[in-house]
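Spelled out from the first residue to the last, the chains are:
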Amino acid sequence: MSAEMTDERIFRNARIDSSGPLVDLRVAGGRFSRISPGLESEAGCEEIDLEARVVLPAFVESHIHLDKAFLEEREPNLSGTLEDAISITLALKKGVTKQDIMERAERALRMCIRNGATWFRTQVEVDPIVGLKGVEVALALKEKYAGVADFQLVVFPQEGIEQQPGTEDLMREAMRMGGDLVGGIPYNDLDPERHLDIVFAMAETFGCGLDFHLDFADDPRVKKVESVAARTMAAGLQGRVAVGHLTSLGAMSPDEAAPVIEQILEAGISVLPLPATDLFLGGRGEEPPRFRSLAPVKDLLSGGVNVAVSSNNIRNAFTPSGRGDLLEIGLLLAHTLHMSGAADRSVIPRLFTTNGAKALGVEEGYGLRPGCAADFVVLDSVNLDDILIDQPEKRFVVKGGRIIVENVAQTTWREME
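Here the structure is a predicted model, which is why all the values come from computation and not from measurement.

Student: What am I meant to see in the sheet that holds strand S6 (residues 59–64) here?
Tutor: Backbone hydrogen bonds hold the strands of a sheet together, and the pairing may be parallel or antiparallel. Reading across from one edge, S6-S7-S8-S9-S10-S11-S12 is the order of the seven strands in this open sheet, with parallel pairing throughout. What marks the edges here is a single partner per strand, and that holds for S6 and strand S12 (270–272). The sheet shows a mean angle of 20 degrees between the axes of neighbouring strands, direction not considered. In terms of strand pairing, strand S11 (residues 241–245) meets S12 through three bridges, oriented parallel. By the bridge assignment, Val243 is partnered in S12 with Val271. Along the sheet face, helix H3 (residues 133–144) touches strand S7 (117–125) and strand S8 (150–156) and points at about 170 degrees away from the line of S8.

Here it is, written out as structure tokens:
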């Protein structure tokens, strides 16, 4: 029986934790109806044997720029600096068309879905240079991939707001078109505090949350997150604000960072380290000592802060690599933050599953629980504790209980002569 003939099926023999028994996942109407060992067979219910493979909730790309994907093929960032990444992308944007954005964004999107991500918060650039082309593309992809991927759109002023007159009006129009959150990047504008004034006021107007690129520096003196935390609490937006990068927090001593982490926790801000980008662009100072800082994930987690991880960019001036594979991004983060050992690596998958869903504010209907959307990934592994270091293939990607991607890896050993 094909997956198209029924919306009821049982995925048998799934490994959803490292110590418990294998379970069967029953799906009906796109949601989990029962999760238990040894469910009875039912007439008209398709059955799929997962053969003890590991099952994780759907991967969440909680901070990604689909509209800038693959621009590295046109002009690489040879210096590796943030300044050149911004200037190269600005120059390239002047020549992009809506069709061009669509082709590159969809190519990146399909790469991400193939690797298990079916939830996305995509940063969509809006300014007088690119206009609303990116918003139109993102909305078209949201419609085209309905039932395959869920989207949140962040209206993002990459070039600043006051630095590019006309951007604020375009952002408001983008929100009216279907933007979900207001974005901000105070470090790339004329006056960071004035930038925050504008985006918090806009969020109030549209009754939405905010998503920031913030404190992207190796300098511990950079602490704009304190202002964002205070404004978040004053606006009553606890739990509805996320900040990407926050690398300067990792440059602080533990004593310096502790009160900042407390403010982040009190404000209910989600922190999103973006290791592929942060490691490529960081530590590019002209004089020694050169170091690259990352948001201190261990300290943030132990302090109770929600931490998620995402790809950010795929093959452009900000990040020359990327396959849309969050398992790979998780391993990169684990290596650089000393979290790849046996005591820590099992934590990492939460950062692109349940924690990512919390950052998006969708955790109530997300996860491997009855009543939740049946969105999950089946990995070609039977060992849950080692998936980070094994990097197994994503055998099945399932959305609403339907297998939308099947990946088969085959190796043939040929005898040595």
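Student: What's the story with the sheet that holds strand S15 (residues 402–406) in this structure? I'm lost.
Tutor: Sheet architecture is open: four strands sit in the order S5-S13-S14-S15, paired in antiparallel fashion. The sheet is open, and its two edges are formed by strand S5 (54–57) and S15, each paired on a single side. For this sheet, the mean angle separating the axes of adjacent strands, direction not counted, is 25 degrees. Pairing between strand S13 (residues 376–379) and strand S14 (residues 394–399): four bridges, direction antiparallel. Note on S14: the bridge partner recorded for Phe376 is Val398.

Student: Could you clarify how one ought to interpret the pattern of salt bridges in this entry?
Tutor: Side chains carrying opposite charge are able to pair once their charged atoms draw close together. Counted by the stated rule, this structure contains 33 salt bridges. We note a salt bridge from Arg12 to Asp24, for which the minimum N-O separation is 2.6 Å. Of this pair, Arg12 sits in strand S1 (residues 8–14) while Asp24 sits in strand S2 (residues 23–28), and the two are twelve residues apart along the sequence. For Arg12, a relative accessible area of 13% gives the class buried. A residue is classified by how much of its surface remains accessible, and Asp24, at 4% relative accessible area, is buried. One salt bridge in this structure joins Glu168 and Arg172, with 3.3 Å as the shortest N-O distance. Within this pair, Glu168 and its partner Arg172 are both found in helix H4 (residues 167–177), separated by four residues, close to a single helical turn. Among the ionic contacts, a cluster of salt bridges with common partners joins Lys68, Lys93, Glu125, Asp127 and Glu159.

About the cut-offs
Residues numbered from 1 in each chain as written. Predicted model: local features only at pLDDT ≥ 70, side-chain atom pairs only at ≥ 80, totals over all residues. Heavy atoms only, no water. Pairing = 2+ DSSP bridges. Helix = DSSP H or I, 4+ residues; strand = E, 2+ residues; numbered from the N terminus. Axes fitted to C-alpha atoms, helices over the stretch in contact; angles between N-to-C directions. Contact = heavy atoms within 4.5 Å. Salt bridge = Lys/Arg side-chain N within 4 Å of Asp/Glu carboxyl O. Buried < 20%, exposed > 50% of the residue type's maximum accessible area, 1.4 Å probe, protein only.

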